[in-house]
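Below are the chains, spelled out letter by letter.
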Amino acid sequence: MAEFGSGGSTGGGGLPSSPRPVQGKVAFKAEDGEGGGDGGGGGGGGGRSRFDSGGNRVSNGDCALAGAGDQPGSAPPASPECSSSSKEKGFTTSQQREGKPGIPRRSSIIKDGTKQKRERKKTVSFSSMPTEKKISSASDCINAMVEGSELKKIRSNSRVYHRYFLLDADMQSLRWEPSKKDSEKAKIDIKSIKEVRTGKNTDIFRSNGIYDQISEDCAFSIIYGENYESLDLVANSADIANIWVTGLRYLISYGKHTLDMIESTQDNMRTSWLSQMFSESDVDNLGHIPLCNAVQFIKDLNPGLKTNKIELKFKELHRSKEKTGTEVTKEEFIEVFHELCTRPEIYFLLVQFSSNKEFLDTKDLMMFLEAEQGMAHVTEEISLEIIHKYEPAKEGQEKGCLSIDGFTNYLTSPDCHIFDPEHKKVCQDMKQPLSHYFINSSHNTYLIEDQFRGPSDITGYIRALKMGCRSVELDVWDGPDNEPVIYTGHTMTSQIVFRSVIDIINKYAFFASEYPLILCLENHCSIKQQKVMVQHMKKILGDKLHTQSPNIEESYLPSPESLKGKILIKAKKLSSNCSGLEGDVTDEDEGAEMSQRVGKEVVEQQNSMMGKRFQLCKELSELVSICKSVQFKEFQVSFQLQKYWEVCSFNEVLASKYANENPGDFVNYNKRFLARVFPSPMRIDSSNMNPQDFWKCGCQIVAMNFQTPGLMMDLNIGWFRQNGNCGYVLRPAIMREEVSFFSANTKDTVPGVSPQLLHIKIISGQNFPKPKGSGAKGDVVDPYVYVEIHGIPADCAEQRTKTMHQNGDNPIFDESFEFQINLPELAMVRFVVLDDDYIGDEFIGQYTIPFECLQTGYRHVPLQSLTGENLAHASLFVHVAITNRRGGGKPHKRGLSVRKGKKSREYASMRTLWIKSIDEVFKNALQPIRDATDLRENMQE
């Protein structure tokens, strides 16, 4: 008997271990007429599961079976390499060849002793060439099948047999060994095969006790014979499964003419295109070109390839032919191009949709666009447009065929970017009140380093405004020569002249967005220099300043649409009954808090500032219209007394306190009023807070230190990419509607919001650069990928792939993850690529995207550096699917259409009395009423 649990080893391995510690047992029995062999499945380290903090199993995508080969009493059937017959043939298991390890932990500082024993020691590699030939054509698949592969044969009652399958050289029969059957019986005739079915789609798979432990991508079934029997198999990897599925389908379709067909297809489009390109380079008709020209030629066709890798491939080819010269013939050029520029994962995808052809015709492409890419109303004309745009061979363009090179060009083009192009322009309703939007905001915009001793520079404003920031900060103090200056008070930061900052703001205010810009003016100047500030702003900004008084009959702020091209001043304002030319107001000195005792309660700190007052001139006060700064007291006071044009600022510690203790009140407060949250002055290194902590409460202006890169700025930049990067993002309806109730700390589904299931498959990576500053491993990269979900607490999750050792050029991950998204409109997906290293995992690249902006289907994810620049040619290839948790397929247009549908549904409403004890009682009845309305409407639909 074999027990499923961690620590077992197996001969070939293909299935992840059970999430529960050693409970159920699975018997490995010999089939009727088949021998189990003697020996225990030997071999190195099987697949292993990683558990997250919640105790849930994280699938590593490994297709290995966690057996118990070294446990007493276990006797699984010997893999062929362990039996006498297979030893004579010299077979070795894939794991013996590769020493396949389990998933390492995220931080390489915390080590697992067993892992170090299993993994090979990392060394500096002097060759970037892969050790195995890539599969890039049907003939490669056939050759690999003739050489054979270890597969797991699945039978009923959880029986699993390790067998070595191979295709006869005459391509007439499929055989397996070891077996006590007569050699003529341990085979299937190719002509008897009716179908090759991918995935776990037979009764034997579905009734098997280890169904959930088998990877869908590694499973396939051969349906054969007059009785339509099934041979159910599991490969060690998705690539091996693809090889067998592709090869068998070719054999079924073309029988003994398979090789002739393959040769004829290979000799047409790609070969003729490359031959023509080669002839154009060989201007003297010598039949060869210099090595440097050939290398540059391939580099031009595939810019992501490294020059030294192309050179090395040509030299290896010449060495194998014992060739001494450096000239490259046409045949050598085509062979190297075929080897380096064919991505196997794209080839297998093409074959899947091409009915076993080496190209896609217009009907094949139409099916792919509709079934996988979610494109609606696809016509043959659209398919032809794509072919003419991306197919490099003239023959393909004329015949309406998309070759592997054209298909690769299409999948790597902007048309297949993961970001929905609908969101690259303003696509949300911009006529809602200002308080209904998240606003891209900067803190201490003038700083380009830390906020204690870093330099101040106008480039901080230029960078922020070019990035779509719509709220910048000006910390103004008296300067020399009666010219106000900007810097962080109570620190050693340098100073910049106020007038030059206003000049820059005037120039770049609407560079990236036409919607209103908010200037958060923190005024510490004397009356004399306040008047200078007013003169500069009026003279330079002119009509852009919005100084119109708020309409007291309104209940909400104006919309971004109505404020296009306007600059709003957020600052202190004199009371309406002040008749003099100046008056005193309370001071809000954020920087002064740095000198407060760290141990003080944050509320005490904020209250201590209320007593401090300063003189404000009426001219400056009159520039403040709908963003009057006031001190926050408590929610009930604000609900009853605060005016809609008054804005409160919250230290992040105080805002966190309210978010945790009064999440519902905070959300309701932000339905009518603007709330600005700024980082704690204790962050002297200018580190950033997590903006999601405050967005989930509806806080509109979460001020970020734009000069400090990292996860938090990735989230901010990624979030505001949507809606045309205009700096304004419409908040979810549940955060805007007066009658809705939403708690920011919910750890379950959100009432009235349909959860979505996000399915992400990380297929492969391309051209990962070596992490900056890492030199211990030379040019070697050992990448793995993290997929993170950021949003409300119920949605936050992360999963990771296994590490692909010494492959940064085109690592194949083939791992699938699933996430439940309870509030899609507030969720973000972040892809992070790291280099697995014993000293500490190093950052390679990342990309952050709002859930609402995801495009479904096969997509490429462009990777960005730590500072937000695009990494040239570096990307992830993924498959994305979104389904409703309650069933049904993916909606064609998720975000906006779903939102509009909800808006049109009318719910019963209740008037808020602003008496907490009464409102609390009645708001509990709102959600059941909404749910009942939804149920009724859904039944009627």
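Not measured: the values here are computed from a predicted model.

### Looking at the nonpolar core
Judged by nonpolar contacts, the single largest core of 81 residues is most densely connected at Y461, L474, I505, L521, M537 and F650. Not counting the four nearest positions on each side in its chain, L521 is found in contact with L474, V476, F498, M533, M537, I569, K570, A571 and L620. Counting 55 residues, the second-largest nonpolar core is a separate cluster that includes A138, M171, V245 and L360.

### Re the pairing of strand 11 (residues 229–235)
Along strand 11, five of the seven residues are buried, which leaves the element largely enclosed by surrounding structure. Pairing of strand 10 (residues 219–224) with strand 11 involves six bridges; the strand directions are antiparallel. Pairing of A219 across the sheet is with V234, part of strand 11. What sits between strand 10 and strand 11 in their antiparallel hairpin is a turn of four residues, with G225 showing a positive phi close to 80 degrees.

### Some thoughts on helix 16 (residues 404–411)
Counting buried residues along helix 16, seven of its eight residues qualify, which places the element largely inside the surrounding structure. All buried positions along helix 16 are accounted for by I404, D405, G406, F407, T408, Y410 and L411.

### A word on a nonpolar patch on the surface
Taken together, the side chains of I918, V921 and F922 present a nonpolar region at the surface, about 280 Å² in accessible area. Assignment of secondary structure puts F922 in helix 28 (residues 916–940).

### Side note on the pairing of strand 30 (residues 783–790)
Taken across its eight residues, strand 30 has eight buried, putting it largely inside the fold. On strand 30, burial covers both faces: P783, V785, V787 and I789 on one face and Y784, Y786, E788 and H790 on the other are all buried. As defined by bridge partners, strand 30 adjoins strand 33 (residues 828–835) across eight bridges and the pair is classed as antiparallel. When the sheet's bridge partners are listed, H790 is paired in strand 33 with M828. Across four bridges, the pairing between strand 30 and strand 31 (residues 797–800) is antiparallel. Within strand 31, the position partnered with E788 by the bridge is E798. Here strand 30 folds back onto strand 31 in antiparallel fashion, the turn holding six residues.

### A short note on the confidence of the model for the chain
When the pLDDT values of the chain are averaged, the result is 79; 75% of them are 70 or greater. For the stretch residues 1–131, pLDDT sits under 50, and the model shows 287 contacts to residues farther than four places along the chain or on other chains. pLDDT under 50 marks residues 593–603. Its contacts with residues more than four places away, or in other chains, come to 23 contacts.

### Regarding helix 23 (residues 652–661)
Listing the buried residues of helix 23 in full gives E652, L654, A655, Y658 and A659. Buried residues along helix 23 cover an arc of 160 degrees about the axis, so they all sit on one side. Away from the buried face of helix 23 by more than 90 degrees, exposed residues N660 and E661 are located.

### Examining the packing of helix 4 (residues 138–147) against helix 6 (residues 238–254)
Viewed as axis vectors pointing N to C, helix 4 and helix 6 meet at an angle of 105 degrees, and their least axial separation amounts to 9 Å. Classified by the angle their axes make, helix 4 and helix 6 are roughly perpendicular. From helix 4, A138, C141, I142, A144 and M145 reach across to helix 6, where they touch I243, W244, T246, G247, L248, Y250 and L251. Classifying every residue of the contact of helix 4 with helix 6 by side-chain character gives 10 nonpolar, two polar and no charged.

Calculation notes
- Residues numbered from 1 in each chain as written.
- Predicted model: local features only at pLDDT ≥ 70, side-chain atom pairs only at ≥ 80, totals over all residues.
- Heavy atoms only, no water.
- Core = buried A, V, L, I, M, F, W, Y, C linked by side-chain atoms within 4.5 Å.
- Buried < 20%, exposed > 50% of the residue type's maximum accessible area, 1.4 Å probe, protein only.
- Contact = heavy atoms within 4.5 Å.
- Helix = DSSP H or I, 4+ residues; strand = E, 2+ residues; numbered from the N terminus.
- Pairing = 2+ DSSP bridges.
- Patch = residues over 30% accessible without salt bridge, like charges linked within 9 Å, V, L, I, M, F, W, Y side chains within 5 Å.
- Areas by Shrake-Rupley, 256 points an atom, 1.4 Å probe, with all protein chains shown as cover.
- Salt bridge = Lys/Arg side-chain N within 4 Å of Asp/Glu carboxyl O.
- pLDDT = per-residue confidence, 0-100.
- Arc of directions from axis to C-beta.
- Axes fitted to C-alpha atoms, helices over the stretch in contact; angles between N-to-C directions.
- Parallel < 35°, antiparallel > 145°, perpendicular 65-115°, else oblique.
- Nonpolar A, V, L, I, M, F, W, Y, C, P; charged D, E, K, R; others polar.

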